[in-house]
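One-letter residues, chain by chain:
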Amino acid sequence: MEIKLLTSMLETMLKIRMFEENIVKLFKAGELPGWLHVYIGEEAVATGVCLNLTIKDYITSTHRGHGHCIAKGANIKNMMAELYGKKTGCCKGRGGSMHISDASVGILGANGIVGGGIPIATGAALGCQYLKEGRIVVSFFGDGASDEGSFHESLNLASIWKLPVIYVCENNLYAETNPLNMHLNVENIADRAKAYNIPSIIVDGMDVIDVYNKINKVASDIRNGDGPVLVEAKTYRYRGHYEGDPEVYRTKEEVNEWKMKDPILKLEEKIIKERILTLSEIENIKKVVQNEIEEAIEFGRKSPEPLKEEAMDNVYY
Amino acid sequence: MREITYREAINETYREEMRKDKNIIIFGEDIAQHGGAFGVTKGLLDEFGPERVRNTPISETAIAGAAIGSSIVGLRPIAEFMFDDFLLVAGDQIINQMAKLRYMSGGQLKLPLTLRMPMGGGLSQAAQHAQCLMGVFMNVPGLKIVCPSTPYDAKGIFKSAIKDNNPVLIFEHLMLYENKGEVPEEEYYIPIGKADIKRQGKDITIVAISEMVIKSLNIAKKMEEKGISIEVIDPISLVPLDIETIITSVKKTGKVLVVYGGPKSSGAGTEIVARINEFAFEYLDSPIYRVAEKDAPIPFAPVLEREVLPQEEDIERAVKEIMNL
C-alpha cells in the first residue's frame, strides 16, 4: 500500500480521535451545550470508507457523527463552532453535535433519529442514479438502527431499484445500552441483506486497511452500476453511549480488551515496522493535528453567538 | 371555457411540468400501470417511462426518504401517498427529517419536493382511510400545506408546489376528484399563501377548507334566497396562511364561521379562529363559530359516518345561530 494512503489513514484517524478527546474535555468543563456522543474506538470505519469516496459523493451520518464528518472532509473549525452553538458553525448553530452537515463536501447530515438517515441516503442514491454523474452514497448507521423499519424499507427499495448506495452498519455491540444478543437474533447483521437479495460483507472495523480494501472493491462495483451492498463493520466504542453514561451494561475488562485492538495503535505499529514513518514523524503529525484542533477550539470560543433576530431564518427556503 | 375534472386538472399538471423539467420524477404506491388509487396518474407511465414514473413497495418511510434524498441532490420529486392516513407511517421522515433538514443545516440543504395525497371521508372507509390530517402537519414548521377545492385551484397550486423549493404537502379531498370546473388551456399559477374569495358577501364570513368550500357555497346560495349575504373565503394554502384576506372580510362582516375537515379540536380551523382573535377581535360582533368533524374516529356505518362528518345542514344551522335567525 502506498505511503501517501497509509499516512492519510493515520492522519484522519488521529484527527477524529484527538478532536473527540478534546471535545470530551470541553464538554466536561461545561463549555459545550447539549449532549455528546463520541466515536472513539470506531475511527477505522469512517476513515477506511471515506478514503474511497470523493468530495462529490454523499454520506448520511448518525448521532455519533463527528468521525464520519471529519473523514468526509468537513472543516473542523466550522464543526467545532457548531458544537459551541456559534454563528460560524457549519449549521450556523441550528444543529449542534447530532445534526452536523456540510453540503459542500457531501455530508447530508448527522441525524438525531436512529435509522433516520438511511431512507435519506436511499433517496440521494435514487437521485445519483437518475442524474448519472457517477456519484455514490454511503449511509452510516449502527447495529441498533438495523432494527428500525427504515433500514428494512430502504434496503428493499434500493435492491429493487439497484441504487448506488453502500449501507455501512457499524456494529459496536450495543444499541445505546442494549447488548447485541438482546436486540437482534441473527449471527451477523450482514445476514440481514439476504432478505433483500443484496450482497453483504463483513469488515474488521478495528483495522482501517481491511475496511479500506474491502470498501474499495464495493465502491468501484457500485460506481460501475452494481446495486447496493450492506457492509457490517465489527467495531467497538470505548466511551459510553453518551458522555456521562454510567455504562452499567458492560465491564471495564471488556472495554480494555477492545482497546488492545486499537485501530490507531495497530496502524502506527505497522507504519513503524515497515519503516514508512518514524516515531518522531508520527509525533510530528500528532502535533500538527493538535494544533489544528486548538485553532478550531479558539475559533469556536471566539466566534459570535447567532443573533436572536435570525432564529426564524431558513425555516423555509 | 372548457371544463375538466379535478383529477384531470392534476394529471394535466403532471404532464405539462414533466415535459418542461426532466428532473421531475414521480413515485408512490400503484401510481404507474394502475394510475394511482384514484386514477390521478393515469397514462403518465406511457408518456414518461419507468425511470420517471415508479411504483414503490408499500413502504411509506422509504417513499418519504426517497423524496427527501433525491430532492437534496438535485431532483424535483413528487411522491403520492395513497391516503393521507399513510403519511403517519412515515412520520419520522416527514416530521423529523423533511420539515427540519433545511433549518438544522443552517440553510445548506434545499428540499424542492411535493407530496400529494387524498384525504377525507364520505365513502364509508372508516377511521384509517378517511382522516383530514392537514391540521396535524400545520403543527410542523418547515412544511407548506395546501388544500385546493376546485379543478382550477388544484392545477394552479400544484404548479406552484412543484416550482417551490420547500417541501409542499397537497391534501386533496377524495370527494373532489370527480368535480368539474373551468380550467383554461393557457398556463397559470396560483401562488402559495394567497386566499381566494370564492363568493362575495356582506353579512357573514365563512372560511372553509377543501371540500367544505363546496358545501359552504351551496349553503351561501341557499341562504341568499333568505336574504343573507355570505362571503366564502377559501384559504387554499394553510401554511403560509393568508390571514390578511380573511381579516379584511371579517372587518366587513363582523361575523365568522370556520368550516373544516378533521376533528373540531386542535384542527386546521382552530388556528384560523385564533388568528382572527389576535388580529381582528375588536371587529367581531359575535363569537367565532366552528363546524368540523366530531371529535371521534370516523365510523364505518353510513349513518354514523354522516353523523361525525360535517354536513351542509350543520353549516346552515351555524349560520342561522350566528345571524340570530
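About the thresholds
Residues numbered from 1 in each chain as written. Chains lettered and ligands numbered in written order. Predicted model: local features only at pLDDT ≥ 70, side-chain atom pairs only at ≥ 80, totals over all residues. Domains from an automatic or database assignment. Contact = placed C-beta atoms within 7 Å. Nonpolar A, V, L, I, M, F, W, Y, C, P; charged D, E, K, R; others polar. Pairing = 2+ DSSP bridges. Helix = DSSP H or I, 4+ residues; strand = E, 2+ residues; numbered from the N terminus. Axes fitted to C-alpha atoms, helices over the stretch in contact; angles between N-to-C directions. Buried ≥ 20, exposed ≤ 12 C-beta atoms within 10 Å, placed from the backbone. Arc of directions from axis to C-beta.

Caption draft 1: Structural view of the domain arrangement of chain B. Residues and elements named next belong to chain B. Here chain B is described as being made up of domain 1 (3-182) and domain 2 (196-322). Between the C-alpha centres of domain 1 and domain 2 the distance comes to 26 Å. Every contact between the two is made by 26 residues of domain 1 and, on the other side, 24 residues of domain 2. The class makeup of the residues in the side of domain 1 that touches domain 2 is 16 nonpolar, eight polar and two charged.

Caption draft 2: Region of the structure containing the sheet that holds strand β3 (residues 53-55) of chain B. All names here are of chain B. The sheet built from seven strands is open, its strands ordered β3-β2-β4-β5-β7-β6-β12 with mixed pairing. In this open sheet, the two strands that pair with only one neighbour each are β3 and β12 (237-239). Neighbour to neighbour, the strand axes of the sheet diverge by 20° on average, direction disregarded.

Caption draft 3: Focus on helix α12 (residues 312-322) of chain B. All names here are of chain B. Taken residue by residue, α12 has Ile315, Ala318, Val319 and Ile322 as its buried positions. Taken down its axis, α12 places every buried residue within 100° of arc, on the same side. Residues of α12 that are exposed and point more than 90 degrees away from the buried face comprise Glu313 and Glu321. The inward-facing, buried residues of α12 contact β10 (204-208), α8 (211-224), β11 (230-234), β13 (256-263) and β14 (289-293).

Caption draft 4: Structural view of unusual backbone geometry. Residue and element names in this part refer to chain B. A cis amide bond links valine 239 to the next residue, proline 240, at an omega of -5°. Unusually for a residue other than glycine, alanine 126 sits at a positive phi of about 65°. Within the element layout of this structure, alanine 126 appears in the loop between β5 (114-119) and α6 (134-138).

Caption draft 5: Spotlight on the interface of chain A and chain B. Residue-level contacts link 36 residues of chain A with 36 residues of chain B. Going through the elements one at a time, α5 (117-131) and α6 (149-161) of chain A are the ones with two or more residues in the side of chain A that touches chain B. Sort the elements by how many residues they give to the side of chain A that touches chain B and α5(A) lands first, with 11 residues. When its residues are assigned to classes, the side of chain A that touches chain B shows 19 nonpolar, 13 polar and four charged.

Caption draft 6: A look at the sheet that holds strand β3 (residues 165-171) of chain A. Residue and element names in this part refer to chain A. Spatially, the five strands line up as an open sheet ordered β1-β2-β3-β7-β6, and their pairing is parallel. In the strand order of this sheet, the two ends are held by β1 (58-60) and β6 (200-204), each with one partner. Across the sheet, the axes of successive neighbouring strands diverge by a mean angle of 20°, strand direction being ignored. Of the strand pairs in this sheet, β1 and strand β2 (residues 137-142) are connected by three bridges, and their pairing is parallel. Its bridge partner lying in β2, threonine 60 is registered against serine 139.

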